[in-house]
Amino acid sequence: MRGKNSAKLQRKRKDRRSRLRAILSSCCALALILSAIPPIARAQSTSSQAAPQMGGVATGVARTYTSRRTIGIVDPKAPIVFEDVTARTPLARFRNVCGTPAKDYILETTCGSVAIFDYDNDGLPDIYLLNGSTFDALRGKAKPPRAALYHNLGNWRFEDVTDKAGVANERWGTGVAVGDYNNDGYLDIYVSNFGVSRLYRNNGDGTFTDVAEQVGVARKGWSTGATWGDYDGDGRLDLFVPGYVEFDINNLPPSPAEAGKSGGISQNFCQFRGVPVMCGPRGLPGESDTLYHQKPDGTFEDVSLKAGVNDPQKYYGFSSAFVHVNEDDLLDLIVVNDSTPKQLYINKGDGTFEEVGYPSGVALNENGREQAGMGLAIGDYDNDGRVDFYITNFSDDSNTLYHNDGEGNFTDVTVQAGHGEPTIPFLGWGTAFIDYDNDCWQDILIANGHVYPVVDQYQWGTSYAQQMLLFRNLSNGRFERVGAAPGSALAMAWSARGMAIGDLDNDGRLDAVINTIDGPPVILRNVYESKNHWLLLKLVGDPAKRSPRDAIGAVVYVTVGKMRQRRDVVSGGNYASQNDLRLHFGLGPATKVDKIEVHWPGGGVETFENVEADRILTIVQGKGIKEKG
């Protein structure tokens, strides 16, 4: 059977390469035709079309609607899934500042990352909200906005411990990834910034120290959604950081605010559907990516070029994740890029990677077109034992669901799965696979929000603030949108960016935190009524056995009857944000788990049988189940 499947997959990959060659041939022919047109004529031809690409972003065909499809859509018969509990918490006083509300420059449109992680090991996941900044703050003319860390006290009570912890950042924050890089048992925070990034080492006493310069990971430029992972199997976490755009605040691109002024030449300004908007990312120079390898002394070395992941094309990187893509025991790497092809790096086991985005099927969508990728969800939605990818994209384009066919091959199944038409008017950011109803099948949650405030002035079917999307897994390869009950959180609209998932109250139902742009965050408490059961697992690896202590890179399979689910311990992903590292499994009506299989990052498998449901367990490598809750 494996041989037949392998042959089938090889034929599929060959067909995909043939289609790709045809697309490239067509592109080459078009390039030859365009090369014969004078430059001025090309500019006039471009400006005469209402093409979304004029705004510097890859998207689909422009559409006009009689009403907005991204706000005010409710269903009186829909169940209440999430409750907005932000107002009960001190998080309601936080404001994510990202430039000015006008959004004249691309730097002002992307910030808003968030992390859920247990920084003090008390069993309650805490919340870290990253903040943006302003041009005046960067120039030293204003006080910079601050990030915030909230300690979870239980029962939906939180305490702002930012000052005590020392994690205010006070730089233009653009991403956050969590991992225990020094294997001391306490999770550390990597903060990607526009400017100089930080590594906050957890001191284990409620405080953190920025050691980025000291250990060699103070990346400069516009860093985005980083990921931790031990790609070479030495038991020490390494760090990958994508770069986005080379952006100089002293040499700014054209601003739409100047378009209507006397002497302005309209064709010199970037446009979206013929309306002046901020420029980028297309038309702006991109940045390369960086891979930091951790040495035995705890410092890092830049091995990007040596490893083959430096991105010489300088694509616009947004989100990334180390994850097991194929059937070997090596961590691979996926990078989601904005308006350029996505990259999939397969680990060759010798310290290098092979980029297979095109032949694997993930670089483009099923139409052979690059998309404006933002967020990344990783999960096995059809319970076949292989991780699939869900990518959020720009409005006028659908999100993309890539099914893992095995042996490094993926198929775009967006339309067949029911994610085509429903997602087109939305501009997606944070996204995650989440079994919100604990029925054994992973659903998909998406945070949305536009980048152009001007969209509210036109009948384009979209809006600046947008409702979230929740798709329920129908267990047959398809999803259906869950309606928004009036007054519920799904009926509300925000200009959302980063999102993190975790069980904040340890009740077995996954909650969410969303960071919005120029506004307060949103805490969504899962209140869905279900009699289904669950299991929540924290893993602790053994560095002596070449497994990082936080177990990033571990894969866990849970079997109930004939159902076998997979979860991966992943750093990063989402949209430049961090989900809780604990693994959540919905169990349906089952009151016990037949088998738990833990595949540790350093090798070796441990199995546990007949485990009771509705528990929070800690599994320590080589020592079994140490705690039960």
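Position numbers for residues count from 1 along each chain, tracking the sequence in the order it is written. In view of the model being predicted, local features appear only for residues whose pLDDT reaches at least 70, and side-chain atom pairs are presented and counted only at 80 or more, with totals across whole chains, interfaces and linings using the full set of residues. The basis for every side-chain value is the complete set of heavy atoms in the structure, and neither hydrogens nor water enter the calculation.

> What is the right way to look at the overall build of the protein chain in this model?
What counts as a helix is a DSSP run of H or I of at least four residues, what counts as a strand is a run of E of at least two, and both are numbered from the N terminus. Regarding its fold elements, the protein chain presents eight helices and 41 strands. Residues count as neighbours in contact if any of their non-hydrogen atoms are within 4.5 Å of one another. Sequence separation of at least 24 residues holds for 63% of the intrachain contacts in the protein chain that already meet a minimum separation of 6. Areas reported as accessible are Shrake-Rupley estimates using a 1.4 Å probe. Residue values count occlusion only from the protein chains shown. In the structure as shown, the protein chain presents an accessible area of about 23,300 Å², 50% of it carried by carbon and sulfur atoms.

> Is there a simple way to think about the packing of aromatic side chains in this case?
The relation between two aromatic rings is expressed through the spacing of the ring centres and the mutual angle of the planes. Any Phe, Tyr or Trp ring, taking Trp's six-membered ring, that has another such ring centre within 6.5 Å forms a pair; planes under 30 degrees apart are called stacked, those over 60 apart edge-to-face, and the others tilted. A full pass over the atoms with the stated rule returns 26 aromatic pairs. Ring centres of phenylalanine 272 and phenylalanine 394 lie 6.0 Å apart, and the angle between their planes is 65 degrees; this geometry places the pair in the edge-to-face category. Placement of the pair is phenylalanine 272 in strand S13 (residues 271-272) and phenylalanine 394 in the loop between strand S22 (388-391) and strand S23 (400-406), with a sequence separation of 122 residues. For the pair shown, phenylalanine 272 and phenylalanine 394 are each scored as buried. An angle of 80 degrees between the planes, with centres 5.3 Å apart, marks the rings of phenylalanine 318 and tyrosine 575 as edge-to-face. With phenylalanine 318 in strand S17 (residues 316-323) and tyrosine 575 in the loop between strand S36 (563-568) and strand S37 (583-588), the pair connects residues that are 257 residues apart, well separated along the chain. In terms of burial, phenylalanine 318 and tyrosine 575 fall into one category: buried. Taken together, the aromatic side chains of Tyr105, Phe135, Trp172, Phe194, Trp222, Tyr244, Phe247, Tyr316, Phe318, Trp429 and Tyr575 make up a single cluster linked through ring pairs. Directly above the aromatic system of tyrosine 557 lies the positively charged group of arginine 564, at a separation of 3.8 Å from the ring centroid. Only protein chains enter the accessibility calculation, which uses a 1.4 Å probe; a residue is then buried when its area is under 20% of its type maximum, exposed when over 50%, and partly exposed in between. Charge-over-ring contacts are defined here by two conditions on Lys NZ or Arg CZ: a distance within 6 Å of the ring centre and an angle within 35 degrees of the ring normal.

> Any chance you could explain the sheet that holds strand S28 (residues 469-473) here in plain terms?
Two pairing modes exist for strands in a sheet, parallel and antiparallel, and in both the strands are linked by backbone hydrogen bonds. Strand pairing is assigned whenever DSSP identifies at least 2 bridges connecting the two strands. Ordered by their spatial adjacency, four strands build an open sheet running S25-S26-S28-S29, and the pairing between neighbours is antiparallel. Strands at the two margins of the open sheet, each flanked by one partner only, are strand S25 (428-434) and strand S29 (479-481). For this sheet, the mean inter-axis angle between neighbouring strands, taken without regard to orientation, is 20 degrees. Here S28 pairs with S29 via three bridges, running antiparallel. Axis geometry follows a simple rule: fit a line to the C-alpha atoms, using only the stretch in contact for helices, then measure angles between N-to-C directions, giving values from 0 to 180 degrees.

> How do you make sense of the sheet that holds strand S31 (residues 496-502) when you look at a structure like this?
Read across the sheet, four strands follow the order S1-S33-S32-S31 without closing on themselves; strand pairing throughout is antiparallel. Edge positions in the sheet fall to strand S1 (82-84) and S31, since each has one partner strand and no second. For this sheet, the mean inter-axis angle between neighbouring strands, taken without regard to orientation, is 25 degrees.

> What am I meant to see in the state of the cysteines here?
In protein chemistry, a disulfide is the covalent bond that joins the sulfur atoms of two cysteines. In what follows, a disulfide is any cysteine sulfur pair within 2.5 Å. Following the criterion strictly, the structure yields two disulfides and no others. Note that cysteine 270 is cross-linked by a disulfide to cysteine 279, the S-S spacing being 2.1 Å. The disulfide joining cysteine 270 to cysteine 279 has a torsion of about 105 degrees about its S-S bond and is therefore right-handed. On the accessibility criterion, cysteine 270 (16% relative accessible area) is buried. When the cysteines engaged in disulfides are numbered in sequence order, the protein chain pairs them as 1-2, 3-4.

> For this particular structure, what's the right way to read the pattern of salt bridges?
Oppositely charged side chains can form a pair if their charged atoms are brought close together. By convention in these notes, a salt bridge is any Lys or Arg side-chain nitrogen within 4 Å of a carboxyl oxygen on Asp or Glu. The tally for this structure, following the rule as stated, stands at 21 salt bridges. The partner of aspartate 234 in a salt bridge is arginine 236, and the shortest N-O contact between them spans 2.9 Å. Residue arginine 236 is classed as partly exposed on the basis of its relative accessible area of 21%. The partner of glutamate 597 in a salt bridge is arginine 564, and the shortest N-O contact between them spans 3.2 Å. Highlighted residues: glutamate 597 in strand S38 (residues 592-599) and arginine 564 in strand S36, separated in sequence by 33 residues. According to the relative accessible area criterion, glutamate 597 is buried, its value standing at 13%. Several salt bridges share partner residues, and in doing so they unite Arg146, Asp163 and Glu170 into one network.

> How should the side chain of serine 395 be read in this particular structure?
On the secondary structure map, serine 395 appears in the loop between S22 and S23. Under the relative-accessibility criterion, serine 395 is labelled buried at 2%. Under the rule applied, a polar contact is a pair of N or O atoms within 3.5 Å (in protein, one hydrogen donor and one hydrogen acceptor; residues adjacent in sequence only if both atoms are side-chain atoms). At 2.9 Å, the side chain of serine 395 forms a polar contact with the side chain of histidine 450. With residues near it in sequence (within four places) discarded, serine 395 still touches Thr59, Phe272, Ile424, Pro425, Phe426, Leu427, His450 and Thr462.

> I would appreciate a short explanation of the side chain of threonine 70 in the present structure.
In this fold, threonine 70 is placed in the loop between helix H2 (39-47) and S1. Its relative accessible area of 0% is what places threonine 70 among the buried residues. Polar contacts involving the side chain of threonine 70 include one to the side chain of serine 463, which spans 2.6 Å. In this structure, threonine 70 is in contact with Pro425, Phe426, Gly461, Thr462, Ser463, Ala465, Gln466 and Gln467, ignoring residues within four places of it in sequence.

> Even after reading the chapter, I still don't get the nonpolar core, so can you show me in this structure?
Proteins that are soluble and globular tend to have nonpolar side chains buried together. Membership of the largest hydrophobic core comes to 57 residues, with the highest contact counts inside it found for Tyr128, Trp228, Leu539 and Ile596. Summarising the domain contributions, this core has at least three residues from each of domain 1 (82-247 + 284-533) and domain 2 (534-626). As used here, the term nonpolar core means buried Ala, Val, Leu, Ile, Met, Phe, Trp, Tyr and Cys residues forming a set that is joined through side-chain atoms within 4.5 Å. Ile249, Phe272, Ala372 and Ala576 belong to the second largest nonpolar core, which has 35 residues in total. All the domain ranges listed were derived from an automatic or database domain assignment.

> Could you clarify how one ought to interpret the pairing of S17 in this entry?
In summary, the side chains of a regular strand alternate between the two faces of the sheet. S17 sits mainly inside the fold: eight of its eight residues count as buried. Pairing analysis gives seven bridges linking S17 to strand S18 (residues 332-338), with the strands arranged antiparallel. Across the sheet, serine 319 pairs through a bridge with valine 336, a residue of S18.

> Before we go on, may I ask you to explain the confidence of the model for the protein chain in this structure?
The predicted coordinates ought not to be read in detail in places where the model reports low pLDDT. When pLDDT is averaged across the protein chain, the result is 91; 90% of the residues are at 70 or more. Across the chain, each position has a pLDDT score giving the predictor's confidence in that residue, from 0 to 100. Low pLDDT, under 50, characterises residues 1-6; the stretch is placed with three contacts to residues that sit more than four places away or in other chains. Confidence over residues 21-54 falls short of pLDDT 50; this stretch has 20 contacts with residues more than four positions distant or in other chains.

> Looking at this structure, I do not really get unusual backbone geometry. What am I missing?
Residues apart from glycine generally show negative phi values, whereas peptide bonds are mostly found in trans. Omega for the bond connecting glycine 280 with proline 281 falls within 30 degrees of zero, at 0 degrees, which places this linkage in the cis form. Following the sequence through the fold, proline 281 ends up in the loop between strand S14 (275-276) and strand S15 (290-294). The phi dihedral of asparagine 383 falls on the positive side, at around 55 degrees, and the residue is not glycine. With respect to the secondary-structure elements, asparagine 383 resides in the loop between strand S21 (376-379) and S22. Residue glutamate 407 is not a glycine yet carries a positive backbone phi of 55 degrees.

> When you look at the pairing of strand S39 (residues 605-612) in this model, what are you seeing that I'm missing?
Where S38 lies against S39, seven bridges are found, and the strand directions are antiparallel. What sits directly across from valine 593, in S39, is valine 611. In textbook terms, the turn of a hairpin is the stretch between consecutive antiparallel strands, and for S38 and S39 this stretch comprises five residues, one of which, glycine 603, has a positive phi near 100 degrees.

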